[in-house]
Structures are given as C-alpha cells and as structure tokens.
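Single-letter residue listing:
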Amino acid sequence: MEMGLKMRDEATRLTSALKGDSQKRGAWGEAQLERTLQMSGLVQGEHYEKQSSFKDNDGKQKKTDYLIKLPDNKHIVIDSKVSLISYEKAVSAETESERQLAMNDYIRSVKKHIDDLASKEYANLNGINSPSFVLMFMPIEPAYIEALKHDKSLFGYGYDKHIILLSHTTLIPILRTVANLWIMDKSYKEASKISEKAGDIYNSVCSVFQRFEKLGHTLNTASGHYNDVVTALAGKQGLQGKVERFTQISKKASKEMPQLESRHFHCDTSKLEMHQQDNPVKNKKLKKK
C-alpha cells in the first residue's frame, strides 16, 4: 500500500512538472524508452535507430521514434506516447466522480494516441521489414496500470488496430529477447567463420598429403633409376670393369675408383593412398561422377 502511494506521489509530481509543455513530455518519454532499450543490452546504431525517416507509397516522409533492428534485416517499430494531463487530474481528484471523469478523458487520450499510430501504417513503409504491429510505449508504469484497470477493453482496442500497449515492465522481456537474438546471430556467424576456416585448413592438409604422396612415388622411381645406373657402371658387364685395365697402361690413371653399391630406398605411400581413398570429400566427388 505504501509503495503504491509512493509511486502515485512520484507520478503526480512528474505530471505536474511536465503537463504544461508537450515537447518536454515527448522528449522525456523518448528518453525513458531509450533508457529501457539500453538496459536491455541494445546498442544505438547497431541494434536500434532514433528518428529514422521513411517514405510511404505516396512519397510522404514519415519518422519512427525508434526502429529496433532484428537479425536478417527485420525490424520492430516502437513509439513513445505520454498522456499526462488527464491522468494527473485523476490522481489529484478529490472526489470519485471527478476521478472517473478525468480517467475517462485519460482513456480517450490514450485511444487517440493508438489511432494516431495506427494511421501511420509504419509496417507498410518502404525500407521497413516489420510485422504488422507497432509497440506503443507508455513510460509511466502506474498510468499504464490504471488505464488497463479502468478500461479492460483498452488493450484489445489497440491490438485490433495492430498497436501493442507496453510499459517499462512489459517491454523489457521483449527487448531482452531481441538482445538474445543478436547474441545467437553473432554466435552463429562466428561458428560459420570457424567452420569455413576449418575447411580451409583441412583442404591445405590434404594438399600436403598429396604432395608427399607424389614425392614418395618420385623417390621410389629415382631409387630404381639409381640402381639401374649402378648396375650399368659397376656390374659384371659394367663400365667400371671395362676401364679398370686403363690403370695398367697409363701412369696418369692414379685416382681410386669408388665402389658403387645398389641402394634399396623405398617410400611407403600406402598409408597416404589409404587416406586418399578414405577421404570423405574425395569419395563424395567420385560418387557424383
């Protein structure tokens, strides 16, 4: 009870301070909305824009209070509406009849704001990819609660016109969801980058395996050629046996002939070949062929 009276007193002081200046009321309402956006973890420019301009089908320019960005280039339009004068009269009324009259005026004021927002047809503007509804933010929580208590059909009145009435308390969960969508989107993009990089690394490793396989085959071939040359030079019918007699007929033949031996170098490329056969990417391409 005391908390309710305190909130009402604060609302009364606020409405008394702002009721004489509509521009000041509007600026205050927008400031409360932006504060709620930031409290939810949204960042201006990245997750929302202020006073964005768009043109309708007739070329007329229209501005949104706040345009909430969603992943995949989606949007939600939020507009702040402050109805204070009638509400302040209802709060400060001395009799129940005066309070009822002031509350009726207050409800009419809220409905006028709803009608005004509905007439702008933000969802149909070029450049806005938004659901068919617009969020209408009422920055004074007690005023929002009293409006819905006094006219239980008020929320439905706005809903039928695709206007959703929200206060700070009811807007926060929606904005938290938006913030979580951006976190999920960022995680997905980072995972995609990691996946792409992993694919690049895998392809690079495959290229190294292929080069090693070719090198192994080349070394095996070179080994065979080497042994063939050794046989031709140092074999029984080789060149070495034919020229050794030159040492007997020439004093200049003083160098010692090295003894060449066959070398049995073998590079085992079987594991590399098995890797190529077991390569799911390569097998998939072969199947397509």
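What you are looking at is a predicted structure, and each value in this text was computed from that prediction instead of being measured.

Conventions adopted
Residues numbered from 1 in each chain as written. Predicted model: local features only at pLDDT ≥ 70, side-chain atom pairs only at ≥ 80, totals over all residues. Heavy atoms only, no water. Axes fitted to C-alpha atoms, helices over the stretch in contact; angles between N-to-C directions. Helix = DSSP H or I, 4+ residues; strand = E, 2+ residues; numbered from the N terminus. Parallel < 35°, antiparallel > 145°, perpendicular 65-115°, else oblique. Contact = heavy atoms within 4.5 Å. Nonpolar A, V, L, I, M, F, W, Y, C, P; charged D, E, K, R; others polar. 1 Å grid on protein atoms, 1.4 Å probe; cavity = no way out; pocket = protein on both sides within 12 Å on 5 of 7 lines; lining within 4 Å. Points joined across faces, edges and corners; volume = space filled by probe spheres on them. Salt bridge = Lys/Arg side-chain N within 4 Å of Asp/Glu carboxyl O. Buried < 20%, exposed > 50% of the residue type's maximum accessible area, 1.4 Å probe, protein only.

Caption draft 1: Quick look at the packing of helix α4 (residues 96-120) against helix α5 (residues 141-150). At a closest axis distance of 10 Å, the pairing of α4 and α5 adopts a crossing angle of 100 degrees. One way to sum up the angle between α4 and α5 is to call them roughly perpendicular. Note on element contacts: α5 touches α4 through Ala143, Tyr144, Glu146, Ala147 and His150, opposite Arg99, Gln100, Met103, Asn104, Tyr106 and Ile107. A class-by-class count of the residues in the contact of α4 with α5 yields 6 nonpolar, 3 polar and 2 charged.

Caption draft 2: Local environment of empty space enclosed by the protein. Taken as a whole, this structure holds 2 cavities of 30 Å³ or more when the rule is applied. There is about 50 Å³ of room inside the largest cavity. Around the largest cavity sit Lys81, Val82, Ser83, Leu84, Tyr106, Met138, Pro139, Ile140, Ala143 and Tyr144, which together line it.

Caption draft 3: Representation of the pattern of salt bridges in the model. Scanning all chains against the criterion turns up 10 salt bridges. Residue Arg99 pairs with Glu96 through a salt bridge whose shortest N-O separation is 3.7 Å. Of this pair, Arg99 and Glu96 both sit in helix α4, 3 residues apart, roughly one helical turn. Using a relative accessible area of 23% as the deciding quantity, one classes Arg99 as partly exposed. The partly exposed category is assigned to Glu96, whose relative accessible area is 48%. One salt bridge connects Lys161 with Asp115, and the closest N-O pair in it is separated by 3.7 Å. Within this pair, whereas Lys161 is found in the loop between α6 (154-160) and β5 (163-166), its partner Asp115 is found in helix α4, the two being separated by 46 residues in sequence. Note on Asp115: relative accessible area 32%, which makes it partly exposed.

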